[in-house]
Amino acid sequence: MIQYKFAAVVLATALFLTACSGTAQVLPERSTMEGDIAGEIMNNETENNVFEGGYSIIDTENLFSKRDLGGTYDEETCEIITLRDGGSTTGSKGVEIDGDVVTIKEEGVYLMEGALANGMIIVDVNKEQKVQLVLNGINVRSDTSAPIYVKQADKVFLTLADKSENMLANGGSFLEIDDNHIDAVIFSKDDLTLNGTGSLTVSAPAGHGVVSKNDLVITGGNYEITAASHGLSGKDSVAVANGSFRVTAGKDAVHSVNDDDDTAGWVYIEDGTFFLDVQGDGIEAMNEINIAGGTLTVAKSDEGLEARLINISGGVIDITASDDGINATDKRISTQEAEVENVQDFGGKKAPHNDANIHISGGVVRIDAEGDGMDSNGHLMVSGGETYVLGSSDAGDGALDYDLSAVIMGGIVVAAGQSNMAVNFGSRSTQGFILVNSMSLQQAGTDVILLDADGKELLAHTIEKSCNSVVVSCPAIVDGGTYTLKMGTEETQVTATFHDD
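On a predicted model such as this, the values are computed, not experimentally measured, just so you know.

A. Molecular detail of the overall build of the protein. Scanning the protein for helices and strands turns up three helices and 43 strands. Taking all 501 residues of the protein together, 54% fall into the buried category. Considering only residue pairs separated by 6 or more positions, the protein has 58% of its internal contacts joining residues 24 or more positions apart. Carbon and sulfur atoms provide 46% of the accessible area of the protein, an area that totals close to 19,700 Å².

Here is the structure:
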C-alpha cells in the first residue's frame, strides 16, 4: 500500500529574492495513523500505538422508538389531572393525591394542567410499566425537592402539548425523602423521554435541570434551562433527535458520565438548535460525543466538547472555550488506573490515550479557545467538512495538539495559533497541508489566503485573533503544485511534494 506524505517546502530562491517573511514547515509527527475512513484507525505496523476501537460505539439505527419520536396522545382517552394548591383533582383510580403531592401508581397516559406553589408529581409504577405525562400548561415548584420525580417505571414520556408553556422550578435546596438522592428539577431513576412541540422552562437554583439515571432521550420541544449544576444529564446516555435548547449552567450543559460502567456515557445529536452558556463544559461524555446535525453554539465554556471519542459528521458548531475547544481524553476508570500504574514508563508524565480520537468528517466547526483549539490525548483525524480554529493567545497552547497521531484525508482546515506550540498533520495524511510561521505577530482581522501558481484563490479566511502561525489544508492542494500563502502583508511560497513512504 502506498502511503503519502505532504511536505510544505519553502522555495529557497523565492524566499531569498522576494523577501517573503514567513517560514513553512512540516513538524515531525509523534506517531502515525492510517486506515480507511470507515474502518479502524491504526498506526504503521512498525509502531506500538494502535487505535483498536471503532470510530463510534453508538448504534444510531435504534436510538429513537416510534413513541419517542411521535409525542402523540388522544386527549379524549387521557386521564386528566388538574393541579391546584390544596385541591388537586382527578378521576383516575391510578392516581393518589396527598395534599400537594400527586403520585401516579398505574401505567397510562395522563394529561396535566394547573399549578402547584410547593408540590410534587411522582411516578411510582411497576418496573415493567410505561407512563406518559402530557404537560399542558403546568407551573409546578417544589421548595426542597423535584417538581417531577420518577421513582420507578420502565420508561416515562414527558410530552409538551402543542403551544403549551410549562414551568418547573426548585426552591434552592434538596432534602432527602428516600435513598435516591434527588438533585434535579426533573429527576428520573429510569429511562426518560422528553418530546412534543410545546415549551418548558426549568429553573434549578440548586442541583441540576433534568436528570435520568439511565437514558435521556429528547425528540422535540423548546427548552430553557437554568441550573446551578448540569443542565441536561443522562447517566448512561443522552440522545437528541430535535428540539430547541437554551441552557445556562454552573457545570456542564449536557453531561453523560457513568463511573460504574466503562461502556456507558455518550451523547448523540441528530438535529436541533442549542445555545449553551456554562461554567463547565458545553458537552461532556465519558465515552463519545457524536454530532450528526443541528446548530450548536457554545457561547461560553471551560471546554466546548470533551469525551473519549468525538465524532462530527454534520451540523454547524461554534465553540468559545476558556480551555480546550475540543478535547479527546479517556477518563474511564480502567484507563485511569492503568495510567497510574504506567506513569513511570513515561518519565512521570501521563501516558497517551490510545483509545481517544477526534474525527471530523462533515459539518462546519468554528473554535475560539484559550487552551488548545483541538486537543487529543490520542489521535486526530479530519476527513471532511470545514474546520476553523483559533487557538490560545497565550504561548502555552496551540491551535492543534495531539499525543499520538494526526491525519487529514479531506475537508478544509484553517488552524491559527502561536508558533512555539504549532504542530502539523502527520505523514500518513492523504491530503496536502501547510504550516506557516510568520515573522511577526498578526493582529486580529488578518486575512489568510491561499493562492495557486496562477494566482487563483483556493481558500480565504479571516483570523479574528492575534496569531503568528497557521495550518492550512484543502482538497485543492495537489502533488507538485506551487502555492502562495498570505498572512496579512506577509507571503510564503511553498511547493507540494508527495512521497512514497
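B. Fine view of the packing of aromatic side chains. In the structure shown here, the tally under the stated rule is five aromatic pairs. Their ring planes at 45° and their centres at 6.5 Å tell us that F64 and Y268 sit as a pair that is tilted. Here the residue F64 occupies a position in the loop between strand 2 (23-25) and helix 2 (66-70), and Y268 occupies one in strand 23 (residues 266-269), the gap between them amounting to 204 residues. According to the relative accessible area criterion, Y268 is buried, its value standing at 6%. Ring centres 6.1 Å apart and planes at 50° place the aromatic pair Y149 and F187 in the tilted group. Here the residue Y149 occupies a position in strand 10 (residues 148-152), and F187 occupies one in strand 13 (residues 184-188), the gap between them amounting to 38 residues. Cluster of aromatic residues (ring-pair linked, three or more members): Y223, F245 and F274.

C. A look at unusual backbone geometry. Unusually for a residue other than glycine, K163 sits at a positive phi of about 65°. Relative to the elements of secondary structure, K163 occurs in the loop between strand 11 (155-160) and strand 12 (165-170). Look at H181: it is not a glycine, yet its phi comes out positive at around 55°. Here H181 lies in the loop between strand 12 and strand 13.

D. Structural context of the environment of I148. Positionally, I148 belongs in strand 10. Note: C-alpha distance between I148 and I122 (26 residues apart in sequence) is 6.0 Å. Ignoring anything within four residues of it in the chain, the contact list for I148 reads I121, L135, L158, L168, V185, I186 and F187.

E. Examining the pairing of strand 5 (residues 95-98) more closely. Pairing between strand 5 and strand 6 (residues 101-104): four bridges, direction antiparallel. The partner of V95 across the bridge, within strand 6, is I104. Taking the residues between adjacent antiparallel strands as the criterion, strand 5 and strand 6 are bridged by two residues, where G99 takes a positive phi near 65°.

F. Highlighting the nonpolar core. Counting residues in each nonpolar core, the largest one holds 87 residues, and the members touching the most others are L133, L305, I326 and F425. Ranked by residues supplied to this core, first place goes to strand 9 (residues 130-142) with five residues.

G. Expanded view of the environment of M167. The residue M167 is located in strand 12 in this model. Counting along the chain gives 36 residues from M167 to S203, while the straight-line C-alpha distance between them is 8.1 Å.

H. Broad picture of the side chain of H359. Mapped onto the fold, H359 is located in strand 32 (residues 357-360). Within polar-contact distance, the side chain of H359 engages the side chain of S383 at 2.8 Å.

I. Layout of the environment of A249. Along the chain, A249 falls in strand 21 (residues 244-249). Discounting chain neighbours no more than four positions away, the residues touching A249 are A227, S229, H230, G231, D277, V278 and Q279.

J. Focus on the side chain of S469. Here S469 lies in strand 41 (residues 467-473). A distance of 2.7 Å separates the side chain of S469 from the side chain of N437, its partner in a polar contact. In contact with S469, not counting residues within four places along its chain, are A415, A416, G417, Q418, S419, A422, L435, V436, N437 and M487.

K. View of the pattern of salt bridges. Enumeration over the complete set of coordinates arrives at 14 salt bridges. Of the charged contacts, one joins D154 and K130 as a salt bridge, the two residues approaching to 2.6 Å between their closest N and O atoms. Of this pair, D154 sits in the loop between strand 10 and strand 11 while K130 is found in strand 9, placing the two residues 24 residues apart along the sequence. Judged by relative accessible area, K130 falls into the partly exposed class, the value being 29%.

L. Inspection of the pairing of strand 6 at higher detail. Where strand 6 lies against strand 8 (residues 120-124), four bridges are found, and the strand directions are parallel. In the sheet register, V102 faces strand 8, and the bridge partner there is I121.

Rules behind the numbers
- Residues numbered from 1 in each chain as written.
- Predicted model: local features only at pLDDT ≥ 70, side-chain atom pairs only at ≥ 80, totals over all residues.
- Heavy atoms only, no water.
- Helix = DSSP H or I, 4+ residues; strand = E, 2+ residues; numbered from the N terminus.
- Buried < 20%, exposed > 50% of the residue type's maximum accessible area, 1.4 Å probe, protein only.
- Contact = heavy atoms within 4.5 Å.
- Areas by Shrake-Rupley, 256 points an atom, 1.4 Å probe, with all protein chains shown as cover.
- Phe/Tyr/Trp six-rings, centres within 6.5 Å; stacked < 30°, edge-to-face > 60°.
- Pairing = 2+ DSSP bridges.
- Core = buried A, V, L, I, M, F, W, Y, C linked by side-chain atoms within 4.5 Å.
- Polar contact = N/O pair within 3.5 Å; in protein donor to acceptor, adjacent residues only side chain to side chain.
- Salt bridge = Lys/Arg side-chain N within 4 Å of Asp/Glu carboxyl O.

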